[in-house]
Amino acid sequence: MTDQSTEQFYKHHVFFCMNIREGKDARPSCGKCGSEKAQKHAKKRIKELDLSGQGKVRINQSGCLDRCEEGPVLVVYPEGTWYTYVDTDDIDDIIDTHLVGGKVVDRLKI
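Keep in mind that this is a model prediction, so the values were computed, not measured.

Chemist: Mind showing me how you'd approach the overall build of the protein here?
Modeler: The secondary structure content of the protein amounts to two helices and four strands. On C-alpha atoms alone, the protein measures out to a radius of gyration of 14 Å, which is about the 13 Å that the 2.2 N^0.38 rule sets for 110 residues. Seen through its principal axes, the protein has C-alpha atoms that stretch 55 × 30 × 25 Å. Going through the 110 residues of the protein one by one, you find that 36% of them count as buried.

Next comes the structure, spelled out in structure tokens:
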């Protein structure tokens, strides 16, 4: 049995902002910028790479992360690294470079 108090349950926990703001005067929101497609792509890709599960990577949806003006956004924990992205190529770069390679993707960091 492992000591849960000193080991993280996931090596990386990734949260995709899925917030949708309504109304004509609403601020920008990640949910209107392709965040659902990006999150589903990341989840599928992580599973294909056999990186999902305890001690590995968890891809989650989140409510508002309050950075939608810079979005769409996601955040990688435990590092607390924030990213924006345009398409699934950017998501793949975050997966390959940060989650697999351990290096921050500077061009996407916010």
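Chemist: What exactly am I supposed to notice about the pairing of strand S4 (residues 81-84) here?
Modeler: The side chains of a regular strand alternate between both faces of the sheet. Burial along S4 is two-sided: Thr-81 and Tyr-83 facing one way and Trp-82 and Thr-84 facing the other are all buried. Note that strand S3 (residues 73-77) and S4 share four bridges and pair antiparallel. Bridge pairing in S4 places Val-75 opposite Trp-82. Two successive antiparallel strands, S3 and S4, enclose a turn made up of three residues, where Gly-80 displays a positive phi of approximately 75 degrees.

Chemist: I would appreciate a short explanation of the pairing of strand S1 (residues 12-17) in the present structure.
Modeler: By the bridge criterion, six bridges tie S1 to strand S2 (residues 57-62) in an arrangement that is parallel. By the bridge assignment, Cys-17 is partnered in S2 with Ser-62. Relative to S3, S1 runs antiparallel, the two sharing four bridges. Bridge assignment links Phe-16 to a residue of S3, and that residue is Leu-74.

Chemist: Can you walk me through the environment of Tyr-85 in this structure?
Modeler: For Tyr-85, the location among the structural elements is in the loop between S4 and helix H2 (88-100). Taking relative accessible area as the criterion, Tyr-85 reaches 4% and is therefore assigned buried. Note: C-alpha distance between Tyr-85 and Glu-70 (15 residues apart in sequence) is 9.5 Å. When neighbours within four sequence positions are excluded, Tyr-85 is seen to be in contact with Phe-16, Ser-35, Ala-38, Pro-72, Val-73, Leu-74, Asp-90 and Ile-91.

Chemist: For this particular structure, what's the right way to read the sheet that holds S2?
Modeler: Sheet strands pair by backbone hydrogen bonding; their relative direction is either parallel or antiparallel. Strand order across the open sheet formed by four strands is S2-S1-S3-S4, with mixed pairing between neighbours. Strands with a single pairing partner mark the edges of an open sheet, and in this sheet they are S2 and S4. Between one strand axis and the next, the sheet turns by 20 degrees as a mean value, whatever way the strands run. Where helix H1 (residues 35-48) meets the sheet, its contacts fall on S1 and S2, and the angle it forms with S2 comes to roughly 165 degrees.

Chemist: Which parts of the structure should I look at to understand empty space enclosed by the protein?
Modeler: Evaluation of the coordinates by the stated rule reveals one cavity of 30 Å³ or more. As a volume, the largest cavity reaches approximately 40 Å³. Lining the largest cavity, in full, are Val-14, Phe-16, Ala-42, Ile-59, Leu-74, Ile-91, Ile-94, Ile-95 and Leu-99. Of all elements in the fold, only S1 and H2 reach the threshold of two or more residues within the lining of the largest cavity.

About the criteria used
- Residues numbered from 1 in each chain as written.
- Predicted model: local features only at pLDDT ≥ 70, side-chain atom pairs only at ≥ 80, totals over all residues.
- Heavy atoms only, no water.
- Helix = DSSP H or I, 4+ residues; strand = E, 2+ residues; numbered from the N terminus.
- Rg over C-alpha atoms; globule rule 2.2 N^0.38 Å.
- Buried < 20%, exposed > 50% of the residue type's maximum accessible area, 1.4 Å probe, protein only.
- Pairing = 2+ DSSP bridges.
- Contact = heavy atoms within 4.5 Å.
- Axes fitted to C-alpha atoms, helices over the stretch in contact; angles between N-to-C directions.
- 1 Å grid on protein atoms, 1.4 Å probe; cavity = no way out; pocket = protein on both sides within 12 Å on 5 of 7 lines; lining within 4 Å.
- Points joined across faces, edges and corners; volume = space filled by probe spheres on them.

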